[in-house]
Each structure stands twice: as structure tokens, then as C-alpha cells.
Amino acid sequence: MIRTIISFASVIILSTSFSALAKTKVTWSMESNADRDPIMIEKLQNAYNNSQDNHELVIEFEDNETRLTSMRTAMIGGMGPDIVETPGPSYVKEYHAAGMLENLDSYAAEFGWKDKMIPWAYSSGVFEGSLYAIPKTHESMVMLYNKTLFEENNWKVPTTLEELEDVAGKIKAKGMNVFSYGSDGWQPTHEHLVGIYLNNYAGPQAVYEAIIGEREWTDPVFVEALELLKKHMVDEGYWSGSLENYYAIGWDDFHAQFANRGAAMMTIGTWTFQATQLGIGASDDEWGWAPLPSLSSQSPDPNFMIAIGTTMSVNANGKNKDGAIDVLNWIMSNKDKVLDIAKDFQFGEMVVPLTLSSSDIPTDIAPQVQDYLSEYARITGEGNYGYCTWTFWPADPGVHIWKDMEVVWAGDISVEDFLYDHQKMWDKARKNGDTLPVPLRN
Amino acid sequence: MKIFSNKNFVAWYFVLPVAFIHLFVIGIPSLASLALCLTDWRGLGEINYIGFENFIELFDDRYLKKAIINNVIWTIAFLTVPVGIALTCAYLLTGIKRGQMFFRLAFFFPYMLASVINCQIWKYLFHPIHGLGGFFERIGWDFLAVSPFTMKSTSLFAVAFVDGWHFWGFLVVIYLTGMYQVDNHLYEAADIEGATKFQKFRYITLPMIRPVFVFSIMIIIIWSVPVFDYVYILTGGGPAYSSEVIANYMYSQAFERFDVGYSSAIGTLMFFYVMIIVALFGLFRKAGWDI
């Protein structure tokens, strides 16, 4: 009897070991986040590994800045992870230009990826006519507000510049900050605001024309947009009370400020939904969201800026390209599993731009997020979308737009001079072929 | 074969492993950087030779000029404030017989802390919500409520202050070591002559610790060139490049703008600057300076 049990156990152990050995390892270097990592392990890594017997996905989490440097070094040396995760198309462009990414055209055709994705998101990964990256998450900018506070004070959620400045005056009179936001710990936060003012003052059409080179960035409409941002930032102190406080306040602080009525509104990306739900969502106050207000007659309709938060590519020198393709195809083919992951982050992360119908939107997420997802689909579907700088700006002007904006706010150079420099960088990027894919506008 | 067992070669055997590591970790990358400064390499992909274009661009770069000026200010600040305080404290400590070890440890303690920890301590101390800023705002002293790291006029000095706070204890220890080497008979003779404490410091201590002092000046000047961590952690060079230093700017060019060729040109500039300083000190030594 004992001999039978031992034999049986041995067979099970050996078959399990052989099955593990038979699997080929697929590595994925992913940005680390203490809250997200366990979910990614459970619902992505383990779920994929349990779904098939050929490959074993291993996600390696690392602080993003360190990860990007070490991954870059490894890839220069002809190594690196099988799945290359980058913070956006400007990084993909660099890797693509160096011939380090696998052309995904044949796989996209074989597995029908194009039909499964939102068209603009698919085109963001197309370089020189071929697909090299798939967005892991797409996002937009929104305006959050303390709904309870607004109702208590009979304040109207602003939809225009006049309404914004009116309610801002009332909020300040109550001793609160207009918007909760700050750049400590992430200097590129400035580009969120620059993007809002370019798109919602100059309008998405003007921004599109400048991106494709049919309009100069020195155009008066962009000058006016950034002058308005400077006025609101420096003179009015809309964000956290003053420019200096805006520089001093980071992620935890501005969420706390919004949650405890230190500020009435917050301009931020949709990646914040989970943190917002855990912050103000856990307080007695209810939060709401709205599209960012129109800041001029040139941008009259509400629009959502489109952006790619993270991309996934296959390392051309990777040890297991087939495995990497299989992982990507698993993601593209398992909408329910991907939505289940996104649900855990309140659609702030892992929002793969798969085409969704209204019935796909989970009902067990915050009602505000459900509402946002419907509105985002409706408004962008109508062609009312703008452009986030970190997705459509080449590397050099992409850094200039946030790093040198501080110089404008400090009063060291004029907005005109800033945009003159900006145009020069775009000219250089265009000349060097460094511009990024941008979806055609209707 | 006998030559390899020669006594003179023994030292080489010990030095070789370190020299070998240095060759790979410092030598080859430095040489590569010298070569890359003449290219347009973006960190990935093909490398094109562009001659001295990067250097021509350097001379037009207003933010690099700003960073160089900030480095000079930084050097002057470090050559004066921490050196002055450290000299004074070290001299005063020589007069303390009981509890001197406590002060030495207390002064040296910040030097033992990691730069990230030092930075976080001061960042929170000056924080407008959690730190002294919130306190000053509550008592109505609004002019002190703003973090000095976020003001253009104060950011560089605030960062230098934090780095200086961490560094001066190190200077105290090396000055103190120098001061203990001074022959006590000199002070006794000065006492007989009726010299004041300051006179003893000026005419005995300072000349006698000159090698240590000049060494400290040299390392301060050299260490001020690649200063990076405190700036990077506390301000990132901002606001508006007000605390930008050369190393931080070089990092930004390489890892934010992917302009490795240009970044290498900045590195080359720093390399030659340090070489000039080292050469100057070498000349002083040749001229008979006791350093």
C-alpha cells in the first residue's frame, strides 16, 4: 500500500516538474508599485501561467527610473527582458530606431489585434508603417471636485474660463485652494497643466496642426494659452495656493489636501482614480469628476486628451520571442481578464485600449469611474479629443515643455521666447525623424 | 623570472587587481565618454561622428552657463561656511577634556547618514504642510512658511546648507586630527608670552595644520564639481534651473533628453576642469608648498 502511494506521489511530482521544466521562461520588466504588484502577480502572471503549458511568465518588478536605465543597458548589450515595457511612444521610438524591437505586423494580422483595439491607440505603436508597441494602459486628464462641498456652497462645476475664474474666487474666499496638485517627486507634473491649457485654450485642432508641422508653436493662440496658465499658476496660485507650494507638494500630500477640503478641485490624470477612491472616497465627502473646462472660444466643446501611459513591446534580441508574443496575445484576447485587473485599479492602470461596449464596463467599480468610461468613449468617439504631451511630443521638446516651463513661471524668459525655443526643438526633431505617430484627425 | 619575485614587484601584485577593476569601471567608460562627445549618440542605435558640434552648442547653452555659475557659488560656499565652522569647532574641541567624544560623534553623525535620509529630514522640516512651514503659517509668520527649496532665490543655498550640514562634521574630524599633531610646547610657550586664544590659533594652529587644511580645500574644490545627489533629491535642479549644477544637467541630458553625445561633452568639460585643479595643486607642491 505504502509502495503504491509513494509511486503515485512520485508520478505526480515528476509530471509536475516536467511540465514546469517544459515551460519556457518569458521575462517582463515591469514598473513596481507596492499596491499594484500583488494584483499583477495574481491576475496577470499566475492567470497567464495557469492558462497554458508552453510558457512561464515571470514579471520582474523594479522602481521605474532604475528599471528604465538597467533595461536600456541590458538591451544595448543584446540582452534584456522578453517583454519591453516603456513609459510611452517616445521611448518606443528610441528602441525602434536602434532596431531593438520586434516587428509585430505579422502577429497583429494573424491574431486580429487591430480590430480589437481603439484605432488611435493602435496607431500610437506604429513606426514607419509597422506595429512595434501595444499600449498597456491609456489615460486622460480630468477635473475632480468635491461634490459635497460644491453642493453645500451652491457652486457650479466650471465648464468655461469665466465659470472657472468665478468659482475659483469663491473657493479662495472660503480659505481653500482652488486645485490640489503639486510636482514634488515628479517634476514632469508641469506638463499635465501645459497640456490642459494648450488643448483647452488653443483647441485640439490647433495642437494637432502644430504636432504635424502645419502651425508654428509660436502662434499667438499658444502664447495666449501659456500666458493664461502663468496667470493662474503664478498670480492666482490656483494650484495648492502658490507656485512654491505647488513645487513642494507631492502625490500623497495633494490627495490628502483634496480629501480633507484643503482644496475644492484637482486637475489630474485618470491614473488617480484608485487613489482618489481610497482618499476622499473613504471620507464623508463625495467626489465627482468633469471634463476640463473650455478656456476659450477656440475650444468650445468638452474634449478628453488622449494619452498612452505605458507600452508593451517584444525584445528583438529576447530569448523567448514566441513566449512574449503569446503573452501579448493572451492580453489582447482575454478582455474579461484584463478588465478584471483594471477594475482592481479603478481603471487607473492596466487600461489596455481594447474596444469596449457599454456592457463591458464592470458595475462593481466606483460609479464616478463608470460614468467617466462612458463619457470618455462617447466624447472621444465623436472626435473631440486632444493630445497629451507625453504621448505625442518627441523626447527633446517633450522634456522642454515641462522642465523649461519653470523658467517661464519664474519670469526669467517670456512665453514667446519659450515657444520660440520649443519650435526650434520641434524643427530639429522633425528634421531628425524623431516625431511620433499621431492619429489622423477627422 | 627572477624579476617577478623582486621585492619591488610585490606592491604591484597588490595594486594590480584594483587597477584592473578601475580600468574597466572608470578607465574604459571615461575613454568612451571622451569619444562619444564627438558624436550625436542618443544612448541607443547608431553613432554618428559630428565633430565639435556638441562643444559649439555648449557655449550657446544658457542653462549650462547657469549650472557652471551655480557650481562656482557652491564651491565658494563650501570653501567658506563649513570650513569656517569646522575649524572653529575643531579648535574649541581641543580645549574640551571631558565629553569631547560626544561632540565629535554628534558633529560626525550626519556624515554617516545616507544622503537620501539627510535630504528627507530637511525636506520635511521645511515642508509647507508637515514641517516648520505649517507652524510658521499658523503663527502668522508667512514669510517663513514657504520651503526654501522651492524658491528661486534660496534653493541653491538651501541645498548647499543641507549638504554642508552633512559634510562639516567630516572636516571637524580631519582638522581635529591635524590639531592633535601640533606640539603642545608651542602653546605653552605662547601662554608664557601672553598670547590670546585667537593669536594661538592664527600663529600656531593654522600654520601647523596647513597640510591637512590645504588637503581639505583641494578635496572640497574637486568634490564640488561632480556634486549631484543632494541637488537631484532635494530640487532636481529647480525651480527654473536655480539650483542646477553641472552633474545634474549632464544627467538630465543623458537620461531625460537621451542626448548622450551632448552629455558626454559636458562630462569632458568637467574632466578637464578637475584635471586643471589637480595640476594646479601639483604645481603648488612642486613649488615647495607643504601639501
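Residues numbered from 1 in each chain as written. Chains lettered and ligands numbered in written order. Predicted model: local features only at pLDDT ≥ 70, side-chain atom pairs only at ≥ 80, totals over all residues. Heavy atoms only, no water.

Draft legend 1. Layout of the overall build of chain A. When helices and strands are counted, chain A shows 22 helices and 12 strands. Computed over the C-alpha atoms, the radius of gyration of chain A is 23 Å, within 12% of the 22 Å expected from 2.2 N^0.38 for a compact globule of 442 residues. With respect to the three principal axes, the spread of C-alpha positions in chain A is 85 × 55 × 40 Å. The 442 residues of chain A split such that 59% are buried. If you take every contact in chain A between residues at least 6 apart in sequence, the share linking residues at least 24 apart comes to 75%. (Helix = DSSP H or I, 4+ residues; strand = E, 2+ residues; numbered from the N terminus. Rg over C-alpha atoms; globule rule 2.2 N^0.38 Å. Buried < 20%, exposed > 50% of the residue type's maximum accessible area, 1.4 Å probe, protein only. Contact = heavy atoms within 4.5 Å.)

Draft legend 2. Up close: the packing of helix H3 (residues 62–94) of chain B against helix H4 (residues 100–112) of chain B. Residue and element names in this part refer to chain B. Put simply, H3 and H4 touch, their axes get as near as 10 Å, and they point 165° apart. It follows that H3 is roughly antiparallel to H4 by the angle criterion. The hand of the H3/H4 crossing is left-handed. Between H3 and H4, the residues in contact are Cys89, Leu93 and Thr94 and Gln100, Phe103, Arg104 and Phe107, respectively. Residues that form the contact of H3 with H4 fall into these classes: four nonpolar, two polar and one charged. (Axes fitted to C-alpha atoms, helices over the stretch in contact; angles between N-to-C directions. Parallel < 35°, antiparallel > 145°, perpendicular 65-115°, else oblique. Left-handed = near helix turned anticlockwise from the far one by under 90°. Nonpolar A, V, L, I, M, F, W, Y, C, P; charged D, E, K, R; others polar.)

Draft legend 3. Broad picture of a negative patch on the surface. A contiguous patch of negative charge, built from Glu60(A), Glu62(A), Asp63(A) and Glu65(A), is present on the exposed surface. As for its placement among the helices and strands, Glu62(A) is situated in strand E2 (residues 55–62). (Patch = residues over 30% accessible without salt bridge, like charges linked within 9 Å, V, L, I, M, F, W, Y side chains within 5 Å. Areas by Shrake-Rupley, 256 points an atom, 1.4 Å probe, with all protein chains shown as cover. Salt bridge = Lys/Arg side-chain N within 4 Å of Asp/Glu carboxyl O. Lys, Arg positive; Asp, Glu negative; His and termini not counted. Charge placed at Lys NZ, Arg CZ, Asp CG, Glu CD.)

Draft legend 4. Summary view of the environment of Val245(B). Residue and element names in this part refer to chain B. Relative to the assigned elements, Val245 resides in the loop between helix H11 (229–234) and helix H12 (246–255). As a C-alpha pair, Val245 and Ser155 span 90 residues in sequence and 12 Å in three-dimensional space. Setting aside anything within four residues of it in sequence, one finds Val245 in contact with Ala67, Asn70, Asn71, Val227 and Val231.

Draft legend 5. Just the side chain of Ser216(B), in detail. Mapped onto the elements, Ser216(B) comes out in helix H10 (residues 210–223). Exposure remark for Ser216(B): the relative accessible area of 0% places this residue in the buried category.

Draft legend 6. Looking closely at the pairing of strand E10 (residues 287–290) of chain A. Residue and element names in this part refer to chain A. Side chains of E10 alternate between two faces, with Trp287 and Trp289 and Gly288 and Ala290 buried alike. As paired elements, strand E7 (residues 141–146) and E10 share four bridges and run antiparallel to each other. Note on E10: the bridge partner recorded for Leu144 is Trp289. (Pairing = 2+ DSSP bridges.)

Draft legend 7. Region of interest: the nonpolar core. Ranked by size, the top nonpolar core spans 195 residues in total, and within it Leu44(A) and Met265(A) carry the most contacts. With 14 residues, helix H7 (residues 155–180) of chain B is the single largest residue contributor to this core. When residues of this core are sorted by domain, at least three fall in each of domain 1 (2–138 + 308–370) and domain 2 (141–305 + 384–431) of chain A. Not counting residues up to four positions away in its chain, the partners in contact with Leu44(A) are Trp28(A), Met30(A), Ile39(A), Leu57(A), Ile59(A), Trp330(A), Ile331(A), Ile341(A) and Met350(A). Judged by nonpolar contacts, the second largest core, of 13 residues, contains Met75(A), Leu101(A), Phe127(A) and Leu44(B). (Core = buried A, V, L, I, M, F, W, Y, C linked by side-chain atoms within 4.5 Å. Domains from an automatic or database assignment.)

Draft legend 8. The packing of aromatic side chains, seen in detail. Counted according to the given criterion, the structure contains 56 aromatic pairs over all chains. An angle of 45° between the planes, with centres 6.1 Å apart, marks the rings of Phe103(B) and Phe107(B) as tilted. One end of the pair, Phe103(B), and the other, Phe107(B), are both in helix H4, four residues apart, so they sit about a helical turn from each other. Residue Phe103(B) is classed as partly exposed on the basis of its relative accessible area, which comes to 34%. Using a relative accessible area of 17% as the deciding quantity, one classes Phe107(B) as buried. Look at Tyr175(B) and Phe213(B): their rings are 6.0 Å apart centre to centre, the planes differ by 35°, and that puts the pair in the tilted class. Of this pair, Tyr175(B) sits in helix H7 while Phe213(B) sits in helix H10, and the two are 38 residues apart along the sequence. One aromatic cluster is present, formed by Trp74(B), Phe78(B), Phe108(B), Tyr111(B), Phe167(B), Phe170(B) and Trp223(B) through successive ring pairs. Above the ring of Tyr385(A), the side-chain terminus of Arg441(A) is found at 5.2 Å from the ring centroid. (Phe/Tyr/Trp six-rings, centres within 6.5 Å; stacked < 30°, edge-to-face > 60°. Lys NZ or Arg CZ within 6 Å of the ring centre and 35° of its normal.)

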